[in-house]
Amino acid sequence: MEIKKTNASDIDALMRIRLEMLRVVNNVKSDAVFDKTLVECSREYFLSGDQTTVFAMEQDKIAGCASLSYISVMPTFDHPTGKRAHLMNVYTREAFRRLGVGKMMVQFLIEEAKSRGVTEISLDATEMGHPLYKSLGFSDNREGMNLSI
């Protein structure tokens, strides 16, 4: 299994696996049509967003994908660079599950974040993904609050 950073030439494959992941995670029927804004904004984000996305490749097959979105905030004592990241869309296709694919992708992204001076990685875990993140050292966090607007 090889972990490969994606680039603009991977956009069509990125969009296919992102929409597949959204269908699976959100239990959306395979013939459902996604909101045009969601699709267009996802495409634009992959092409120009401050992010690193990886594919797990088994020869010429995409086994999974994962993304790390970079966020800059005001530096603090705990985070002197102000550089943080949010882990998203960690997805392994069914045929490749329970083989350590997700773990390899997340470990790769953690190292990528460190190389960029990131001091904290956040994520929103599904029930299925929670044990993976715990095994990699992520802890449950009840410090923050959110406002959806």
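Draft legend 1. Region of the structure containing the overall build of the chain. In terms of regular secondary structure, the chain is built from four helices and five strands. Along the chain direction, N to C, the helices and strands of the chain fall in the order β-α-α-β-β-β-α-β-α. Its C-alpha atoms give the chain a radius of gyration of 16 Å, near enough to 15 Å, the size a compact globule of 149 residues would have. Along the three orthogonal principal directions, the C-alpha set of the chain runs to about 45 × 35 × 30 Å.

Draft legend 2. Structural view of helix H1 (residues 11–25). With 15 residues, H1 should reach 21 Å at 1.5 Å per residue; the first-to-last C-alpha distance of 21 Å fits that figure. For H1, the complete set of buried residues consists of Ile11, Ala13, Leu14, Met15, Ile17, Arg18, Leu19, Met21 and Leu22. Phi turns positive one or two residues past the end of H1, at Asn27, with a value near 55°.

Draft legend 3. Representation of the sheet that holds strand S3 (residues 61–72) in the model. One open sheet accounts for five strands, arranged S1-S2-S3-S4-S5; its pairing is mixed. Each edge of the open sheet carries a strand with a single partner, namely strand S1 (2–5) and strand S5 (120–123). On average, adjacent strands in this sheet sit at an angle of 25° to one another, irrespective of strand direction. Two elements, strand S2 (residues 51–58) and S3, share eight bridges in a ladder whose sense is antiparallel. By the bridge assignment, Met57 is partnered in S3 with Ile62. Sheet strands touched by H1: S2, S3 and strand S4 (83–92). Its angle to S4, the strand with the most contacts, is close to 75°. Running at roughly 30° to S3, helix H3 (residues 101–115) makes contact with S1, S2, S3, S4 and S5 of the sheet.

Draft legend 4. Quick look at the packing of H1 against helix H2 (residues 36–48). Axis separation between H1 and H2 bottoms out at 10 Å; the angle between their running directions is 130°. Overall, the two elements H1 and H2 adopt an arrangement that is oblique. With respect to the hand of their crossing, H1 and H2 are arranged in right-handed fashion. On the side of H1, the interface is formed by Ile11, Asp12, Leu14, Met15, Arg18, Leu19 and Leu22, while H2 contributes Leu38, Val39, Ser42, Arg43, Phe46 and Leu47.

Draft legend 5. Highlighting the side chain of Thr52. With respect to the element layout, Thr52 can be found in strand S2. Within the structure, Thr52 has its side chain in polar contact with the side chain of Tyr70 (distance 2.8 Å). Ignoring anything within four residues of it in the chain, the contact list for Thr52 reads Lys5, Ala66, Ser67, Leu68, Tyr70, Leu109, Glu112 and Arg116.

Draft legend 6. Inspection of the nonpolar core at higher detail. Leu68, Leu87, Met105, Val106 and Phe138 are the most contacted members of the largest nonpolar core, which totals 20 residues. Broken down by secondary-structure element, the contributors of at least two residues to this core are S2, S3, S4 and H3. In terms of residue count, H3 provides more of this core than any other element does, six residues in total. Contact partners of Met105, with chain neighbours within four places excluded, come to Ile3, Val54, Ala56, Gly64, Cys65, Ala66, Val90, Tyr91 and Thr92. Core analysis: the next-biggest nonpolar cluster, separate from the first, contains 15 residues, Ile17, Leu19, Phe46 and Met57 among them.

Draft legend 7. Inspection of unusual backbone geometry at higher detail. Phi is positive for Asn27, close to 55°, though the residue is something other than glycine. If you trace the backbone, Asn27 turns up in the loop between H1 and H2. Residue Gln59 is not a glycine yet carries a positive backbone phi of 55°. Assignment of secondary structure puts Gln59 in the loop between S2 and S3.

About the criteria used
Residues numbered from 1 in each chain as written. Predicted model: local features only at pLDDT ≥ 70, side-chain atom pairs only at ≥ 80, totals over all residues. Heavy atoms only, no water. Helix = DSSP H or I, 4+ residues; strand = E, 2+ residues; numbered from the N terminus. Rg over C-alpha atoms; globule rule 2.2 N^0.38 Å. Expected span 1.5 Å × (residues − 1). Buried < 20%, exposed > 50% of the residue type's maximum accessible area, 1.4 Å probe, protein only. Pairing = 2+ DSSP bridges. Axes fitted to C-alpha atoms, helices over the stretch in contact; angles between N-to-C directions. Contact = heavy atoms within 4.5 Å. Parallel < 35°, antiparallel > 145°, perpendicular 65-115°, else oblique. Left-handed = near helix turned anticlockwise from the far one by under 90°. Polar contact = N/O pair within 3.5 Å; in protein donor to acceptor, adjacent residues only side chain to side chain. Core = buried A, V, L, I, M, F, W, Y, C linked by side-chain atoms within 4.5 Å.

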